Amino acid sequence: MVEREKTRNDDVPLDDKAKRMRDLLSSFYNPDHSSAPKPPSDYENLDAINSTSFDPDHYMNVLVQKSNLEGLLRRHVEMAAEIKNLDTDLQMLVYENYNKFISATDAIKWMKSNIVGMQANMEQLLDKIMSVQSRSDGVNTSLFEKREHIEKLHRTRNLLRKVQFIYDLPARLSKCIKSEAYADAVKFYTGAMPIFKAYGDSSFQDCKRASEEAIVIIVKNLQAKLFSDSESIQARAEAAVLLKQLDFPVDSLQAKLLEKLEQSLGDLQLKTVRIENILLESNDPSKQGKAFESIPSTGHEVSVHGFAEAIRAYRVIFPDSESQLIKLAQNLVIKHFEMIEQCVKSRISSANFLGALRTIWTDVLLMDEVLSEAALPDFSLEAGQVTVKKYVASTFTYLLQDISDALLKVKVSPNEAAEEHALKLALEASKKAVLQGSMDLLLDFRQLLDDDLGLLVKLREFIVDWVQEGFQDFFRALDDRFLLLSGRKNPSSQDQVLSEGALGEKVLVGIALVLAQLSVFIEQTATPRISEEIAASFSGGGARDYENGHAFASGEICQIFRSSAEKLLHHYINMRTQRVSTLLRKRFTTPNWVKHKEPREVHMFVDLFVQELRAVQSEVKQILPVGLMRKHHRSDSNGSTNSSRSNALLDDRMSRSNTQKGRSQLLETHLAKLFKQKVEIFTKVEYTQESVETTIVKLCLKSLQEFVRLKTFNRSGFQQIQLDVQFLRTISRENIEVEDAIDFYLTRYELRSFHVIVAASERCFDPVPLEPPILDKLVQVKLARSKEQSK
Amino acid sequence: MQGGYSGIGYGLKYQSRCISDVKADTDHTSFITGTLSLREENEVHLIRLSSGGTELICEGLFSHSNEIWDLASCPFDQRIFSTVFSNGESYGAAIWQIPELYGQLNSPQLERIASLDEHVGKISCVLWWPSGRHDKLISIDDENLFLWTLDCSKKAAQVQSKQSSSMLHYLSGGAWDPHDINAVATTCESSVQFWDLRTMKKTNAIERAHIRNANYDMKNNHILVTAEDESGIHIWDIRKPKIPVKELPGHTHWTWVVTCNPEYDGLILSAGTDSTVNLWMAPASAEDEATSERLIAESPTQQADPLLNSYGDYEDSVYGLAWSSREPWIFASLSYDGRVVVESVKPFLSRK
């Protein structure tokens with residue numbers, strides 16, 4: 001507290017006084033105390049002394065409470081001094097105020113004495129001004145008449161000048177025509193126009209006529225100028241502007257000029273057509289490129305140049321005609337692309353396609369220079385996108401067509417000699433069509449990609465996508481087509497003609513095999529190569545997501561073709577065995593086996609059976625590779641020796657055991673079981689001659705066995721079966737060409753035919769086999785006869 | 001092939017072709033089968049699966065004078081069954097009753113309730129209406145379709161009506177629609193024909209060659225499954241006889257017999273001459289078709305294989321096949337060498 005008092009006194013001894021003075025003055029002149037800022041609470045007890053709300057008792061209390069004696073004493077001294085000071089100040093103020101009041105009274109006194117005498121002076125001034133005014137009025141009236149006259153004269157002179165101008169107009173116009181200063185002429189004429197309009201029918205008739213004649217000439221000249229291509233564009237534009245000023249119907253002129261442009265456009269298209277035609281004719285691959293280099297540089301480009309120039313001129317002449325021109329230019333581009341699409345429809349090489357695109361792009365660039373507002377590059381980019389896509393799609397379609405053509409050529413050569421190789425040829429041709437076709441296709445597309453044409457550069461990513469997608473779809477379509485051709489799938493309506501009418505039954509069966517092998521080829525050779533090629537040059541892409549299409553996925557394609565190859569192979573086997581089944585069914589339903597007569601010869605169905613198998617053999621030999629599967633197919637390695645031994649055993653046993661029927665049947669069953677050992681009929685088929693042939697033979701013999709099981713035989717019926725089967729066995733032995741193959745053929749025929757005989761004996765009341773000599777004899781007779789027939 | 005040997009075996013003395021589920025026996029899972037031996041005394045075996053499901057017990061053994069080509073158990077009386085038999089030259093069909101006290105007799109004789117004697121040609125099968133008690137029977141031979149009225153108490157069967165197929169169509173078998181008491185399908189060489197038993201007129205036909213066997217789906221109306229020699233299994237909606245609803249690859253050689261599970265939708269069993277039994281999952285209803293199509297669209301590479309399992313543990317062609325209607329996850333198969341194998345398909349159901 002003491003400290004605070006001290007600091008306060010030390011810091012602001014001077015300010016304190018001044019401040020109080022100011023406060024006092026302000027309170028004097030400004031009685032509103034409420035607005036005065038409230039002193040901070042800390043100093044309340046000290047500063048509040050100046051405020052209206054000062055409470056002396058409270059102040060004393062506070063002071064006495066808070067200060068010590070020394071402080072109070074000092075405070076007392078301070079206060080006494082302050083009071084003295086304040087008194088002095090108050091006295092000063094009063095004195096000053098009084099002083100001012102005295103001087104103000106003096107001034108008022110002085111003013112009062114000076115103002116007397118002013119009135120007289122003022123009245124004098126008014127009189128003088130009045131007289132000046134009356135004089136000036138007089139002057140004004142005296143001059144009025146003359147001035148009016150002068151004005152009238154001036155008007156007449158102006159009028160006369162105009163009349164003079166109008167009378168001079170025809171002459172002036174003709175002068176202008178002579179000097180070709182049409183701009184001036186038009187200016188003059190338009191200037192005179194209002195007068196002619198007002199007085200043309202009366203006083204200036206001749207004049208008007210003459211100048212109109214002149215103007216007609218001018219208009220004519222201007223039109224000529226406008227249409228003449230030799231004039232500079234500037235001049236032509238001026239002419240157009242002048243014509244417009246002359247109220248000449250410019251719109252019709254514009255239309256006319258546009259028409260002219262369109263006409264030239266038509267000519268241009270015609271020229272393009274010619275170029276395309278030439279291109280199409282020059283399908284000779286060596287000439288293709290050259291043909292394109294030369295032709296556009298001469299005819300086409302020049303005419304496009306002309307067209308571009310014309311457009312430029314037109315734009316200058318009619319600045320507000322952009323939309324029409326844009327339409328025109330876009331039309332041209334559209335026509336161009338339509339043309340290409342037409343060409344694409346009828347198979348076109350990529351060089352030609354590229355050439356055509358290049359022509360268009362040059363045109364577009366040319367026109368873009370003069371008409372950038374049309375955004376022709378963008379526009380043609382869109383159109384080009386569609387066209388290129390169509391091109392890609394149609395190329396794939398043609399490839400598909402090529403392949404099916406190659407396959408269907410088989411039927412073209414129906415004569416027997418050719419047929420031996422027909423399937424092979426078809427396979428080779430179609431293999432080539434697939435691989436070579438795909439490679440050519442990729443090469444073509446490569447060309448598209450590698451070209452530095454602006455259009456194609458922009459479309460590059462799309463092209464990559466389309467090619468990938470195209471291949472994916474192409475292989476799917478190919479797979480579908482294969483299934484269709486093989487007759488495995490019910491043909492959809494549009495392809496019905498193709499599969500029904502065109503294909504003969506015989507070819508159809510073989511085709512399935514060809515297709516199977518072709519599928520394997522596609523899976524193992526073509527697809528990897530194509531995907532390699534695609535990876536090499538068509539990677540990237542991904543310009544858009546594959547919502548509808550799919551990128552080329554070789555794995556998926558391989559899978560599709562692997563499975564369809566299997567399907568087709570099985571289908572082939574099925575068709576073959578089905579034919580044999582039909583044969584067998586007929587054979588077994590007709591005779592009454594229980595009342596069969598003694599066998600005299602091998603039944604003729606065996607011939608048909610063998611014939612079928614021979615057909616299989618020939619087809620398989622043409623198509624499939626020789627397999628290295630002599631032995632590994634058998635699960636029991638001792639099969640061959642055992643089976644031949646067992647047959648001997650069986651024959652032997654059967655001849656002996658006529659009486660022991662019950663036991664023999666059991667034995668037969670057990671024997672059969674012994675050699676069945678998971679009969680390998682139903683193992684996986686491989687793509688080899690042996691595998692397919694074996695499978696078919698096995699299946700056919702199995703069918704034979706099943707048919708036998710459904711019948712009941714008497715002894716002769718059983719013997720007939722025995723004889724037939726024996727003949728089959730003999731034939732098969734004769735067919736063995738290489739020593740190595742014995743094992744294989746034995747497996748193929750012996751074991752299965754053995755099962756057939758077992759089945760027949762099981763279904764026989766009295767299974768007594770033929771004596772071996774008789775059997776042999778009958779077989780030999782049949783063999784001799786068939787040999788004779790074949791000769 | 002796949003999986004080890006899991007079935008329960010039972011050996012018959014001779015070769016045999018047919019096995020049937022005894023549907024009327026609600027206390028036990030039992031099957032009835034008969035042998036096919038031209039030159040021996042044939043037998044009918046009543047087999048029961050033990051309560052633990054671990055072995056097959058011979059519940060009854062009855063002699064049958066001729067070889068049995070077809071056998072069907074009566075769906076409402078477990079002691080009654082029908083056989084088609086042959087002595088090698090001529091065929092016959094009869095309804096038999098198992099004698100009541102057979103457990104106590106040494107060599108019990110089957111009681112012949114009725115002979116279906118009107119046939120002349122080769123009889124292919126006798127059909128009972130599969131869905132319940134019905135006093136009618138159907139028998140089919142090469143050329144004719146007979147509808148019999150059976151009176152068990154009077155032990156008589158009378159021809160109610162008869163219809164001849166055209167000469168060119170040898171009937172090879174048939175199936176009675178479990179959903180329609182008046183509809184029967186017969187198979188012949190070139191087609192499946194549908195008959196209305198009230199008028200005995202042909203109502204419809206599926207033109208398809210070489211159909212071996214046909215079976216109605218017990219769960220879904222209008223669905224017929226056929227087995228064909230070379231081209232596998234087809235599922236038909238008989239309202240749309242032109243194109244099959246579905247196609248299954250079938251067997252390596254002929255698909256001989258096909259049968260739909262009585263309880264589980266789309267579960268099909270087929271047996272063939274390649275000595276295998278295949279278990280398929282092929283739902284045929286339109287709804288399932290839609291979902292499966294969607295699934296295919298989503299993942300074209302992961303198309304579900306309809307083949308659930310292939311049972312390959314057979315020595316010879318399998319001609320006999322029957323689901324148990326009491327425990328529908330159990331089936332019995334019979335290969336030509338006379339071996340009955342009972343298997344459970346439970347492991348494949350849970351996978352679904």
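These figures come from a predicted structure and were not determined experimentally.

Student: Before we go on, may I ask you to explain the overall build of chain B in this structure?
Tutor: Regarding its fold elements, chain B presents two helices and 28 strands. Classification of the 352 residues of chain B by burial places 59% in the buried group. In the structure as shown, chain B presents an accessible area of about 14,400 Å², 47% of it carried by carbon and sulfur atoms.

Student: Just to check I follow, could you spell out the overall build of chain A for this structure?
Tutor: Of the regular secondary structure elements, chain A holds 26 helices and zero strands. For chain A, with 791 residues in total, the buried portion stands at 43%. Sequence-distant contacts, at least 24 apart, represent 82% of the contacts inside chain A between residues at least 6 apart. Surface summary for chain A: the accessible area is close to 44,200 Å², and the carbon and sulfur share equals 56%.

Student: Got a minute to help me understand the pairing of strand β13 (residues 156–164) of chain B in this structure?
Tutor: Where a strand is regular, its side chains alternate between the two sheet faces. Residue and element names in this part refer to chain B. Note that strand β12 (residues 144–151) and β13 share eight bridges and pair antiparallel. Along β13, the bridge assignment pairs Asp151 with Ala156. With antiparallel pairing between neighbouring strands as the criterion, β12 and β13 make up a hairpin whose turn holds four residues, including Lys155 at a positive phi of roughly 55 degrees.

Student: Would you explain the interface of chain A and chain B in this entry?
Tutor: How big an interface is tends to be reported as the loss of accessible area on association of its parts. The partner chain B presents 32 residues to the 31 residues of chain A that form the contact. For the pairing of chain A and chain B, the buried interface totals around 3,000 Å² over both sides, and the portion due to carbon and sulfur atoms is 48%. On inspection of chain A and its partner chain B, the count reaches two salt bridges. One salt bridge in this structure joins B:Asp316 and A:Arg709, with 2.6 Å as the shortest N-O distance. Seen at the junction of chain A and chain B, the total is 14 residue pairs in polar contact (both at pLDDT 80 or more).

Student: Help me out: how do you make sense of the sheet that holds strand β5 (residues 56–64) of chain B in this one?
Tutor: In any sheet, the strands associate via hydrogen bonds between backbone groups, in a parallel or an antiparallel arrangement. Residues and elements named next belong to chain B. Across the sheet, four strands lie side by side as β2-β3-β4-β5; this open sheet has antiparallel pairing. For this open sheet the edge positions go to β2 (16–21) and β5, each flanked by a neighbour on one side alone. Neighbour to neighbour, the strand axes of the sheet diverge by 20 degrees on average, direction disregarded. The pairing of strand β3 (residues 30–35) with strand β4 (residues 42–49) spans five bridges and is antiparallel. Across the sheet, Phe31 pairs through a bridge with Ile47, a residue of β4.

Student: Sorry, what's going on with the pattern of salt bridges here?
Tutor: Working definition: two side chains of opposite charge can pair if their charged atoms are close together. Tallied over the full model, the rule gives 21 salt bridges over all chains. For the salt bridge of B:Glu67 with A:Arg763, the shortest nitrogen-to-oxygen distance reads 2.8 Å. Within this pair, whereas B:Glu67 is found in strand β6 (residues 67–73), its partner A:Arg763 is found in the loop between α25 (741–762) and α26 (772–790), the two belonging to separate chains. Across this residue pair, the class does not change: B:Glu67 and A:Arg763 are buried. Because the salt bridges share partners, they merge into one network encompassing A:Arg576, A:Arg579, A:Glu612 and A:Glu619.

Student: Explain the sheet that holds strand β19 (residues 223–228) of chain B to me, please; I cannot follow it from the model alone.
Tutor: All names here are of chain B. Pairing is antiparallel in the open sheet, where four strands are placed in the order β18-β19-β20-β21. Only two strands of the sheet have a single neighbouring strand rather than two, namely β18 (211–216) and β21 (246–248). Each neighbouring strand pair of the sheet contributes to a mean axis angle of 20 degrees, computed without reference to strand direction. Inspection of the sheet shows strand β20 (residues 232–237) paired to β21 by three bridges, in the antiparallel sense. Each residue of the ladder has a partner; that of Ile235, found in β21, is Lys246.

Student: Looking at this structure, I do not really get the packing of helix α12 (residues 322–345) of chain A against helix α13 (residues 350–370) of chain A. What am I missing?
Tutor: Any two packed helices are characterised by how steeply their axes cross, that is the angle between the axes, and by the distance between the axes. Residues and elements named next belong to chain A. Contact geometry for α12 and α13: axes closest at 11 Å, N-to-C directions at 180 degrees. With respect to each other, α12 and α13 are oriented roughly antiparallel. Across the interface between the two elements, Ala329, Leu332, Val333, His336, Phe337, Ile340 and Val344 of α12 pack against Phe353, Ala356, Leu357, Ile360, Asp363, Val364 and Met367 of α13. Across the contact of α12 with α13, the residue classes tally to 12 nonpolar, one polar and one charged.

Student: Explain the UniProt feature "repeat: WD" (unreviewed entry) in chain B to me, please; I cannot follow it from the model alone.
Tutor: What UniProt calls "repeat: WD" (unreviewed entry) maps, in this numbering, to residues 248–280 of chain B. Helix makes up 0% of residues 248–280 of chain B and strand makes up 52%, while its end C-alpha atoms are separated by 8 Å.

Student: What is the right way to read helix α16 (residues 454–486) of chain A from this model?
Tutor: One full turn of an α-helix is made of 3.6 residues, so residues set three or four places apart face in the same direction. Taking 1.5 Å of rise per residue, 33 residues should cover 48 Å, and α16(A) covers 46 Å from first to last C-alpha, within 8% of that figure. The axis of α16(A) is deflected most strongly, by about 60 degrees, at A:Arg460.

Student: How should the pairing of β12(B) be read in this particular structure?
Tutor: Residue and element names in this part refer to chain B. Where burial is concerned, most of β12 is hidden: six out of the eight residues are buried. Examined bridge by bridge, strand β11 (residues 136–141) and β12 share five bridges and lie antiparallel to one another. Bridge assignment links Leu137 to a residue of β12, and that residue is Trp148. The antiparallel hairpin formed by β11 and β12 contains two residues in its connecting segment.

Student: What's the story with the packing of helix α19 (residues 554–589) of chain A against helix α23 (residues 689–709) of chain A in this structure? I'm lost.
Tutor: All names here are of chain A. Between α19 and α23, the shortest axis-to-axis distance is 9 Å and the interhelical angle comes to 30 degrees. Taken together, the axes of α19 and α23 lie roughly parallel to each other. In the crossing of α19 with α23, the sense of the turn from one axis to the other is right-handed. Between α19 and α23, the contacting residues are Leu569, Tyr572, Ile573, Arg576, Thr577, Val580, Ser581, Leu584, Arg585 and Phe588 on the first element and Val692, Thr695, Ile696, Leu699, Cys700, Ser703, Leu704, Phe707 and Val708 on the second. Looking at the contact of α19 with α23, its residues break down into 13 nonpolar, four polar and two charged.

Student: Sorry, what's going on with unusual backbone geometry here?
Tutor: Most peptide bonds take the trans configuration, and most residues that are not glycine carry a negative phi. Residues and elements named next belong to chain B. Positive phi outside glycine occurs at Lys155, with the angle close to 55 degrees. In this structure, Lys155 sits in the loop between β12 and β13. Despite not being glycine, Ser275 has its phi angle at roughly 60 degrees, a positive value. Examined against the element boundaries, Ser275 turns out to sit in the loop between β23 (267–272) and β24 (277–281).

Student: So what exactly am I meant to see when it comes to the nonpolar core here?
Tutor: Side chains of a nonpolar character, in soluble globular proteins, are inclined to be buried together. Among the nonpolar cores identified, the biggest contains 171 residues, and A:Val388, A:Phe471, A:Phe482, A:Ile522, A:Tyr572 and A:Phe609 are the most heavily contacted of them. For this core, the domains that each give at least three residues are domain 1 (8–164) and domain 2 (179–274 + 276–311) of chain B. Apart from the residues lying within four places of it in its own chain, the contact partners of A:Ile522 are A:Val434, A:Phe475, A:Leu478, A:Phe482, A:Thr527, A:Pro528 and A:Phe561. Within the second largest apolar cluster, 26 residues are counted, among which are A:Leu173, A:Ala239, A:Ala240 and A:Leu253.

Student: What exactly am I supposed to notice about the environment of A:Phe474 here?
Tutor: Among the secondary structure elements, A:Phe474 is positioned in helix α16. In contact with A:Phe474, other than residues within four places in its own chain, are A:Phe396, A:Leu399, A:Leu400 and A:Ile403.

Student: Looking at this structure, how should I read the environment of B:Ser324?
Tutor: Residues and elements named next belong to chain B. With respect to the secondary-structure elements, Ser324 resides in the loop between β26 (318–323) and β27 (330–335). A residue is classified by how much of its surface remains accessible, and Ser324, at 0% relative accessible area, is buried. Measuring from C-alpha to C-alpha, the distance between Ser324 and Thr29 comes to 6.6 Å, with 295 residues separating the pair along the chain. Excluding residues within four positions of it along the chain, Ser324 makes contact with Asp21, Thr29, Phe31, Pro262, Ile330 and Phe331.

Student: Help me understand the confidence of the model for chain A in this model?
Tutor: A low pLDDT score tells you not to read the predicted coordinates there in detail. Residues and elements named next belong to chain A. Of the residues in chain A, 70% reach a pLDDT of 70 or more, and the chain-wide mean stands at 71. When mean pLDDT is taken per element in chain A, helix α5 (residues 69–114) scores highest with 88 and helix α17 (residues 496–500) scores lowest with 40. This stretch, residues 1–12, has a pLDDT under 50; its non-local contacts, to residues over four places away or in other chains, come to 12 contacts. Every residue in residues 490–506 scores below 50 in pLDDT, and together they form 20 contacts with partners more than four places removed in sequence or on other chains.

Student: Could you clarify how one ought to interpret the packing of aromatic side chains in this entry?
Tutor: For any pair of aromatic rings, geometry is given as the distance between the ring centres together with the angle between the planes. By the definition in use, this model includes 20 aromatic pairs over all chains. Centroid distance A:Phe475 to A:Phe561: 5.8 Å. Interplanar angle 85 degrees. Geometry classified as edge-to-face. On the criterion of sequence distance, the pair formed by A:Phe475 in helix α16 and A:Phe561 in helix α19 is long-range, its members being 86 residues apart. Given the relative accessible area of 0%, A:Phe475 is considered buried. For A:Phe561, a relative accessible area of 0% translates into the label buried. By way of ring pairs, the aromatic residues A:Phe588, A:Trp593, A:Phe707, A:Phe713, B:Trp254, B:Trp256, B:Tyr319 and B:Tyr336 are connected into one cluster. Against the face of B:Tyr319 rests B:Arg17, its NZ or CZ located 4.1 Å from the ring centre.

Student: Which parts of the structure should I look at to understand the side chain of A:Lys702?
Tutor: Tracing the chain through its elements places A:Lys702 in helix α23. Residue A:Lys702 is classed as buried on the basis of its relative accessible area, which comes to 4%. Here B:Thr273 takes part through its backbone oxygen, which lies 3.3 Å from a polar atom of the side chain of A:Lys702.

Conventions used here
Along each chain, numbering runs from 1 in the same order as the chain's sequence is written. Chain A is the first chain written and ligand 1 is the first ligand written, with later ones labelled in order. Since the coordinates come from a predicted model, pLDDT governs what is reported: local features require at least 70, and pairs of side-chain atoms require 80 or more to be given and counted, while whole-chain, interface and lining totals use all residues. Heavy atoms throughout the structure, all of them, feed into the side-chain values; hydrogens and water do not. We count a stretch as a helix when DSSP gives it H or I for four or more residues in a row; a strand needs E for two or more, and each element gets its number in order from the N terminus. A simple rule labels every residue: compare its accessible area, found with a 1.4 Å probe on the protein chains alone, to the largest value its type can have, and call it buried under 20%, exposed over 50%, or partly exposed in between. Using the Shrake-Rupley algorithm and a 1.4 Å probe, accessible areas are obtained, with residue cover drawn only from the displayed protein chains. Every residue pair with non-hydrogen atoms within 4.5 Å of one another is taken to be in contact. When DSSP finds at least two bridges between two strands, those strands are taken to pair. Buried area is understood as the total, over both parts, of accessible area removed when two parts are fitted together, assessed with a 1.4 Å probe. Salt bridges are defined as contacts in which a side-chain nitrogen from Lys or Arg sits within 4 Å of a carboxyl oxygen from Asp or Glu. Under the rule applied, a polar contact is a pair of N or O atoms within 3.5 Å (in protein, one hydrogen donor and one hydrogen acceptor; residues adjacent in sequence only if both atoms are side-chain atoms). Each axis is a line fitted through C-alpha atoms, and for a helix only the stretch in contact is used; angles between axes span 0 to 180 degrees, taken between their N-to-C directions. Roughly parallel means an angle under 35 degrees; roughly antiparallel means over 145; roughly perpendicular covers 65 to 115; every other angle is labelled oblique. By the convention adopted, Pro, Cys, Tyr, Trp, Phe, Met, Ile, Leu, Val and Ala count as nonpolar, Lys, Arg, Asp and Glu as charged, and the other residues, Gly among them, as polar. UniProt positions are given in the numbering used here, feature names are shortened, and annotations may be inferred rather than shown by experiment. Residue count minus one, scaled by 1.5 Å, sets the expected span of a helix. Bend angle per residue: angle between axes fitted to the 7 residues ending at that residue and the 7 residues starting there. Handedness of a crossing follows from how the near helix is turned relative to the far one, being left-handed for an anticlockwise turn of less than a right angle and right-handed for a clockwise one. Put simply, buried Ala, Val, Leu, Ile, Met, Phe, Trp, Tyr and Cys residues joined by side-chain atoms within 4.5 Å make one nonpolar core. Boundaries of every domain are those given by an automatic assignment or by a domain database. A residue's pLDDT is simply how confident the predictor is in it, with values from 0 to 100. Each Phe, Tyr or Trp ring, with Trp reduced to its six-membered ring, pairs with another whose centre is within 6.5 Å; inter-plane angles below 30 degrees give stacked pairs, above 60 give edge-to-face pairs, and intermediate values give tilted ones. Put simply, a charge is over a ring when the Lys NZ or the Arg CZ is close to the ring centre, within 6 Å, and near the line of the ring normal, within 35 degrees.

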